[in-house]
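# Examining the three-dimensional arrangement
Residues per chain, in single letters:
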Amino acid sequence: MTIATNPEYEVSTDIARLNVAMIHEFLSRSYWARNIPLSVVEKSIRHSLCFGVYRAGQQVGFARVITDFATFGYLADVFVVPEHRGHGVSKILLRVILDHPHLQGLRRLLLATHDAHGLYAQFGFQALVSPADFMSIHRPGVYAPPN
Ligand SMILES: CC(C)(COP(=O)(O)OP(=O)(O)OC[C@H]1O[C@@H](n2cnc3c(N)ncnc32)[C@H](O)[C@@H]1OP(=O)(O)O)[C@@H](O)C(=O)NCCC(=O)NCCS
């Protein structure tokens, strides 16, 4: 379903339109999901609310929200391809995600980022107020190829 258009960029939640090969190519080189297998990307897409950004029919951005649609959402795998960066594409994407009707009224929306705090801060995200209240199991090397 196309849920927003602007003169240049279209955002859609239609999983069938996603360029999964491109998404995998990007994520497998990203700092947060390096070497992620295609099968894991495919499964993550099947079980998330996914947002593709398109320019002239070509996918140029992606994000997904892992959510119960009631209380909690985790924003993950946000990216814009390098050729389309710096034109506000991620801000169009964030606006569409946060306005999505199935993501209203959540008690908490979470994300993790190394360096894009300034992007998310524009949409109301703040650093954790009580980081000590949170715990995690984090396995950054989970996709590392065997030696
Ligand atoms: C981060 C990313 C999605 C931004 O996409 P973009 O379409 O180029 O960004 P936009 O043009 O919409 O502008 C983003 C705004 O956030 C700001 N910003 C803050 N941190 C940023 C960062 N690390 N990268 C890009 N922009 C950042 C920009 O300065 C800009 O501010 P402005 O509103 O004052 O112009 C894109 O650079 C990207 O895909 N990077 C690689 C993947 C990545 O790091 N994803 C985030 C993981 S949490």
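Structure's up top.
Residues numbered from 1 in each chain as written. Predicted model: local features only at pLDDT ≥ 70, side-chain atom pairs only at ≥ 80, totals over all residues. Heavy atoms only, no water.

## Comments concerning the packing of helix 1 (residues 20–27) against helix 2 (residues 38–46)
At a minimum axis separation of 10 Å, helix 1 and helix 2 run at an interaxial angle of 115°. Considering how the two elements wind past one another, helix 1 and helix 2 form a crossing that is right-handed. Contacts between helix 1 and helix 2 involve Val20, Ile23, His24 and Leu27 on the former and, on the latter, Leu38, Val41, Glu42 and Ile45. When its residues are assigned to classes, the contact of helix 1 with helix 2 shows six nonpolar, one polar and one charged. (Axes fitted to C-alpha atoms, helices over the stretch in contact; angles between N-to-C directions. Helix = DSSP H or I, 4+ residues; strand = E, 2+ residues; numbered from the N terminus. Left-handed = near helix turned anticlockwise from the far one by under 90°. Contact = heavy atoms within 4.5 Å. Nonpolar A, V, L, I, M, F, W, Y, C, P; charged D, E, K, R; others polar.)

## As for the side chain of Ser12
In this structure, Ser12 sits in strand 2 (residues 9–12). A distance of 3.0 Å separates a polar atom in the side chain of Ser12 from the backbone nitrogen of Asp14. (Polar contact = N/O pair within 3.5 Å; in protein donor to acceptor, adjacent residues only side chain to side chain.)

## Notes on unusual backbone geometry
Note on backbone geometry: most residues besides glycine have negative phi, and most peptide bonds are trans. Here Ala56, not a glycine, exhibits a phi torsion of approximately 50°, which is positive. Along the polypeptide, Ala56 turns up in the loop between strand 3 (49–55) and strand 4 (58–67). With a phi angle near 55°, Asp77 is a residue other than glycine that sits in the positive phi range. Examined against the element boundaries, Asp77 turns out to sit in strand 5 (residues 72–80). Exposure remark for Asp77: the relative accessible area of 10% places this residue in the buried category. (Buried < 20%, exposed > 50% of the residue type's maximum accessible area, 1.4 Å probe, protein only.)

## A word on the pattern of salt bridges
Tallied over the entire structure, the rule returns five salt bridges. Between Glu25 and Arg29 there is a salt bridge, with the nearest N and O atoms lying 2.7 Å from each other. A residue is classified by how much of its surface remains accessible, and Arg29, at 59% relative accessible area, is exposed. Asp99 is paired through a salt bridge with Arg95; the nearest N and O atoms lie 3.3 Å apart. Residue Asp99 and its partner Arg95 are located together in helix 3 (residues 89–99), separated by four residues, close to a single helical turn. According to the relative accessible area criterion, Arg95 is partly exposed, its value standing at 40%. (Salt bridge = Lys/Arg side-chain N within 4 Å of Asp/Glu carboxyl O.)

## Examining the nonpolar core
Ile23, Phe51, Leu75, Leu93, Ile97, Tyr120 and Phe125 are the most contacted members of the largest nonpolar core, which has 37 residues in total. Counting only elements with at least two residues in this core, the list comes to strand 2, helix 1, helix 2, strand 3, strand 4, strand 5, helix 3 and helix 4 (117–121). It is helix 3 that provides the largest number of residues to this core, a total of six residues. Leaving out residues up to four positions away in the same chain, Leu93 has contacts with Val11, Phe51, Val53, Phe62, Ala63 and Val78. (Core = buried A, V, L, I, M, F, W, Y, C linked by side-chain atoms within 4.5 Å.)

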